[in-house]
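A structural walkthrough
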Amino acid sequence: MITTVETGTQQGYRIAYEAFAQLSAKLNKLHRLEEVQACLARNLKYLFSFRLLRVVFNYERRWILSETQPGESYIGPYPSGSLLKLERQLYEHGLPVVLGGEALLPHAADLQQPAEELHELWGWVFGEEHNRRIMIMLAPGPSYQITHKDVVIIRLLAEVLEAKLMEVCLFDEVAEKNRRIETMVRTQSQIIKLQTKDLEEKNHKLLEILSINAHHMREPLTRIMGLLSLLQSDPAMVEELLPMLKVSSQDLDETLQNVIRIADTELSKPAPNAT
């Protein structure tokens, strides 16, 4: 009789470990939260009978909730402010709990489960304090009694899920940083293109300004050159020609100042930014 009981226990452990090994192997190949949850929803029933399995994972400021029950499943962000009373108790004290009877009633309401259909609620917390933690709450199925085998499987499941969810978080962080870098590169490239285009347009405008105003400068300059030629040929005309030279010089100066003013106006326009 003792041999039969031992053989049955050993067989139960072997079946549970084989089911867990298959689940662990499947989880190891996944990289997205939705894939992880789908895998849990398909395979947890082979580990133990449960009405609800609730997993809360915390890494630094990130919180993830996974909730699995027959025919229903969810995974996604979980603000720390939304922690249930029992979850906060687990997180703060780090001690496993098991509830039944009247002590279970308020927590059944928090879990949105009919109290008459729950006969026990187990809770565990694993992981490093204040850095990375995973909390598991298990409501066993009808008449299912949690044994040492189940507790061992829960611990192994917590380790696997903690590692996998940590991996997903790190992949998400890397992907987010890469997106930011790509955005910065695209933005900088766009700014460089716009500024290059702006510089080319300004250079083109300056050439146009110089071309348009060249003949305006040429006219007073030609007059000055002619007056200087007359002075060289007849120095006695200096008193008569000096006023003319002064007027022509002023005309040339005004023309140059106008060119400089227009050029400064064009060059002072702000370079465009990428939006």
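Residues numbered from 1 in each chain as written. Predicted model: local features only at pLDDT ≥ 70, side-chain atom pairs only at ≥ 80, totals over all residues. Heavy atoms only, no water.

To continue, consider helix α2 (residues 33-43). Those residues of α2 not exposed but buried are L33, V36, Q37, C39, L40 and N43. The buried residues of α2 occupy one face: seen down the axis, they fall within an arc of 160°. (Buried < 20%, exposed > 50% of the residue type's maximum accessible area, 1.4 Å probe, protein only. Helix = DSSP H or I, 4+ residues; strand = E, 2+ residues; numbered from the N terminus. Arc of directions from axis to C-beta.)

Moving on, we come to helix α3 (residues 85-93). Among the residues making up α3, those that are buried are L86, E87, L90 and Y91. Projected down its long axis, α3 shows its buried positions confined to an angular sector of 135°, all on one face. What points out from α3, more than 90 degrees from its buried face, is the exposed set K85, E92 and H93. Buried residues belonging to α3 abut β1 (50-59), β2 (62-69), β4 (97-99), α4 (105-110), β5 (121-128) and β6 (132-140). With its phi angle positive at about 70°, G94 sits one or two positions after the end of α3. (Contact = heavy atoms within 4.5 Å.)

Attention now moves to the pattern of salt bridges. This structure, assessed with the given rule, holds nine salt bridges. Close ionic contact of R14 with E18 constitutes a salt bridge, the shortest N to O distance being 3.2 Å. Within this pair, R14 and its partner E18 are both found in helix α1 (residues 2-28), separated by four residues, close to a single helical turn. Residue class for R14 comes out partly exposed when judged on its relative accessible area of 43%. Exposure remark for E18: the relative accessible area of 40% places this residue in the partly exposed category. Put simply, R54 and E87 hold a salt bridge, and the shortest N to O gap is 2.4 Å. Pair noted here: R54 is in strand β1 and E87 is in helix α3, with a separation of 33 residues, a long-range link. In this pair, the class of R54 matches that of E87, namely buried. Within the structure, one salt-bridge network assembled from shared partners comprises R32, E34 and E35. (Salt bridge = Lys/Arg side-chain N within 4 Å of Asp/Glu carboxyl O.)

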